[in-house]
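Observations on chain architecture
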Amino acid sequence: MGIDLPLVWAVIILFGIMMYVVMDGFDLGIGLLFPFVAAKGDRDLLMNTVAPVWDGNETWLVLGGAGLLAAFPLAYSVILSALYLPVILMLLGLVFRGVAFEFRFRASDERRHWWDKAFIGGSIVATFCQGTILGAFINGLPVVNRAYAGGAFDWLTPFSAFTGLGLCVAYALLGCTWLILKTAGELQQRFVRLARPLTLALLAVIVIVSVWTPVTHPEIAERWFSLPNVLWFAPVPLLVAIASWQLLRSLRNAPLMAPFLLTLCLVFLGYTGFGISLWPHIIPPSISIRDAAGPPQSLGFTLAGALLIIPMIVGYTAWAYWVFRGKVDASHGYHS
Amino acid sequence: MAMWTLDAVELARIQFGFTISFHIIFPALTIGLASYLAVLEALLLRTGKEVYRHLYVFWSKIFALNFGMGVVSGVVMAYQFGTNWSRFADFAGGITGPLLTYEVLTAFFLEAGFLGVMLYGWKRVGPQLHFLATLLVAVGTLVSATWILASNSWMQTPQGYALVDGRAVPTDWLQVVFNPSFPYRLAHMSVAAFLATALIVGASGAWHLLRGRDDPAIRTMTSMALWMLLIVAPLQAVVGDMHGLNTLEHQPAKIAAIEAHWENVPGAGVPLTLVGWPDMEEEVTHWSISVPHLGSLVLTHSWDGQFPGLKAYPRADRPNATIVFWSFRVMVGLGLVMIAIGLWSAWKRLRGSLFRSRVLLRALLLMGPMGIVALLAGWITTEVGRQPWVVYGALRTADGASLHSTAEIGLSLFLFVAVYFTVFGAGIAYMLHLIAGGPNSSPEDPKDAGVLRDTPRAAPAGA
């Protein structure tokens, strides 16, 4: 027997989306935290903690799109046309915040506040839309004759609006703990103080989504609470509790790397929860990864490159982060 | 109902045309500027001359602005195949998807990964490593062009696939990638990107010279741009001619529309219509001025050679000749002016008055944006000219669109137009503002301090 191509590709795409959520998560989070920091110098500094890496972070989103088109063209075509408006709004949000990195250093002092607002607004819209897309995706997308068969606004439900807010909390905590790692002094203390309520909020989001999802989706409840799945799933809530407790504890004295890593753990655990709920569907509730897979010639051809190149990408991306390691202070202004 | 469906497709086409036209400006300049920066840094490392350092710092700021706009407008493109062209994505995703994935894997990550070091890493890595980062970014831009043009060319001249259950399934990847129009389109587009960049660099130099700022940095960049024009503009004419002959072989209807060639007269050579107004309804070209036999000479390289006229195709299969006739002439006309300016500059250079000829400098300034205009005109020609097909001969554009209402597509189109003009309008204004500031010229200029100079490996603060 050969390689199970749809399975391997599903894993690669899940990995790509995970990388995206983690990496663009913290730099979107910086946009969400911008309103809490008013001084221009501090805002410059926040920007400079991610200026050298943000477009690499966003490239994982492009990989997710292209990989989905290559491996599961049906899923790509159905999901994106079903979630048309939130996808377009997310992309426009990313436009506003992406250009702000350069534009706010080029704008005159009187006009800079526009790009600060673009950065904040774009980050909020992009994050909220991503969370809403996730919620709409869990709710399921009806498919008839290989095309989306629902309405233009079906994506907007109380549940999806809540997941939109929930993702804002998650990204804000990622951004906050990233800034604890990258800043120093009074500024850092502000993020340490902010991290506590954000952690508690994220915990609340996780609990609410964990109750809301099985209550309103019997098929997901069945998946969770049937044997042997329940055994696999049982450690997740426990690990969430341990990670949150450790995170709150780590904030007490001179935190550096720990809060960020523990937030990554929390995000990862939440992500696996969604994975377990939906697997093996790529368009819930009915289309599986096998139904949506493209021709094996396409999956095989692309897999060869992906397996060879993704480790190299991870390698040089890690190197780039290493080059820019350490605290960022005002003397590291990158723009002149 | 049919009327509404047609409208939605038209709106989706306008949206794609609008977003891709805005987007392509940035990667085209990214391709040109990345290679230019690599050349500048190589010269700096080799000669140690201050002028190259100033030029590198100056153009890398413009490059950074441009690159950011390319990234955000490019993410939109990666998703638009699904949002607006989902039936195309389902039909051809097995072929274009892998090509785009390879582009992301081999080019986008490479560019983004080393861009940070290139722009912000002067004080954190040594000069050799910094040069390597610049070089890898430049290579990444060209690799990116290679994959995306393989994908586009496959849609223009598809091969190496079979139709299985109504979808395109690859049978031979070498044939898919190296499809007939790919090498010509890649060469034509890469050269166009270099030319467009050279014109912007040259126009920037001309602007400063005309305003009386005459220093080594300004002279060097103006001179480099004009050398580029002199050598590459004629080369582009040769590449373009080869591309045209390739199109005649594989997409003859496109050539018929470009030349407004309606039908052959038995035994007679085909004239070349220089100007006129092709009328798709009446199947004639109004007010045409043509040169006998020139069409045969250009396209068949023979006196009496013939090629199919538009009337040889059913009306539903004809591309719009009014548009492509003129877009093609805009492109070629601008190309000829570029060649002329290149030759003119060579003559002035020989006479030793290159930087003093105000007429030449004014012409160069006016030509600043014309490389981009020619590039867009060329893309309009090739994309409108392959209609009504999205995958040539295999899938019609109308059958590739998503099934959205006009309201949805109309709303998103409105948002794209409003946001792009605001955001990228501001970005282009910032680029022009930076260009107007000009490169630094004194070696002590604090702005360039530490940039590729001895480059002490500063210990990261607080680490």
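Residues Phe72, Ala75, Leu91 and Cys176 of chain A together with Val75 and Ala196 of chain B are the most contacted members of the largest nonpolar core, which totals 253 residues. Looking at this core, you find at least three residues from each of domain 1 (1-179 + 405-458) and domain 2 (230-394) of chain B.

So, on to the domain arrangement of chain B. All names here are of chain B. Per the domain assignment, the segments making up chain B are domain 1 (1-179 + 405-458) and domain 2 (230-394). Between the C-alpha centres of domain 1 and domain 2 the distance comes to 27 Å. With eleven residues of domain 1 at the contact, the number on the domain 2 side is eleven residues. Sort the elements by how many residues they give to the side of domain 1 that touches domain 2 and helix α1 (residues 2-47) lands first, with four residues. Its residues placed into classes, the side of domain 1 that touches domain 2 shows eight nonpolar, three polar and no charged.

Turning next to the interface of chain A and chain B. Interfaces are often sized by the accessible area lost when the parts come together. Counting residues at the interface gives 62 residues for chain A, matched by 59 residues for chain B. Where the side of chain A that touches chain B is concerned, the elements lending two or more residues are α3 (54-71), α4 (73-82), α5 (84-106) and α14 (296-323) of chain A. Counting residues per element, the side of chain A that touches chain B draws most heavily on α5 of chain A, at 15 residues. Taken together, the residues of the side of chain A that touches chain B break down into 39 nonpolar, 15 polar and eight charged.

Let us look at the pairing of strand β4 (residues 284-291) of chain B. Residues and elements named next belong to chain B. The pairing of strand β3 (residues 272-279) with β4 spans six bridges and is antiparallel. What sits directly across from valine 275, in β4, is isoleucine 289. Connecting β3 to the next strand, β4, in antiparallel fashion are four residues, including glutamate 283 with a positive phi near 60°.

It is worth spelling out the environment of serine 81 of chain A at this point. All names here are of chain A. If you trace the backbone, serine 81 turns up in helix α4. Classification of serine 81 by C-beta neighbours within 10 Å gives buried; the count is 25. Along the backbone, serine 81 and glycine 140 are 59 residues apart, and their C-alpha atoms lie at a distance of 14 Å.

Here we come to the confidence of the model for chain B. Residues and elements named next belong to chain B. Overall, the predicted model of chain B reaches an average pLDDT of 90, with 94% of residues at or above 70. Mean pLDDT values over the elements of chain B span from 89, in α1, up to 97, in helix α6 (residues 182-210). Every residue in residues 1-5 scores below 50 in pLDDT, and together they form one contact with partners more than four places removed in sequence or on other chains. Across residues 452-463, confidence stays below pLDDT 50; counting only partners more than four residues off in sequence or on other chains, it has 23 contacts. On the interface metric, ipTM, the complex scores 0.90, and its pTM is 0.91.

A word on α4 of chain A. The element α4 of chain A is largely enclosed, with a buried count of ten among its ten residues. Of all the positions in α4 of chain A, only Pro73, Leu74, Ala75, Tyr76, Ser77, Val78, Ile79, Leu80, Ser81 and Ala82 of chain A are classed as buried.

Now for the packing of helix α1 (residues 5-33) of chain A against helix α12 (residues 258-278) of chain A. Residues and elements named next belong to chain A. Axis separation between α1 and α12 bottoms out at 11 Å; the angle between their running directions is 145°. The two elements α1 and α12 meet at a crossing, and its hand is right-handed. From α1, Leu14, Met18, Val21, Val22 and Gly25 reach across to α12, where they touch Leu264, Val267, Tyr271 and Gly275. Considered class by class, the residues forming the contact of α1 with α12 number seven nonpolar, two polar and no charged.

Conventions used here
Along each chain, residues carry numbers from 1 onward, in the same order as the chain's sequence is written. Think of it this way: whatever chain is written first is A, whatever ligand is written first is 1, and the rest follow in order. With the structure being a predicted model, the display of local features is reserved for residues of pLDDT at least 70 and the display and counting of side-chain atom pairs for 80 or more, all residues being used for whole-chain, interface and lining totals. Remark: nonpolar core denotes a set of buried Ala, Val, Leu, Ile, Met, Phe, Trp, Tyr and Cys residues whose joining runs through C-beta atoms within 7 Å. Exposed residues have 12 or fewer other C-beta atoms within 10 Å of their own C-beta, buried residues have 20 or more, and partly exposed residues fall in between, where C-beta atoms are placed from the backbone. Domain start and stop points were drawn from an automatic or database domain assignment. Note on contacts: residues are paired as contacts if their backbone-placed C-beta atoms lie within 7 Å. Helix and strand labels come from DSSP, where a helix needs a run of H or I of at least four residues and a strand needs a run of E of at least two; each type is numbered from the N terminus. Each residue gets one label: Ala, Val, Leu, Ile, Met, Phe, Trp, Tyr, Cys and Pro are nonpolar, Asp, Glu, Lys and Arg are charged, and the others, such as Gly, are polar. Strand pairing is defined by DSSP finding a minimum of two bridges between the two strands. Per-residue confidence from the predictor is reported as pLDDT, a score between 0 and 100. Helix axes are fitted to C-alpha atoms over the stretch in contact, other axes to C-alpha atoms as well, and angles between N-to-C directions run from 0 to 180 degrees. By the definition used in this description, the sense in which the near helix is turned from the far one sets the handedness, with an anticlockwise turn below a right angle giving left-handed and a clockwise turn giving right-handed.

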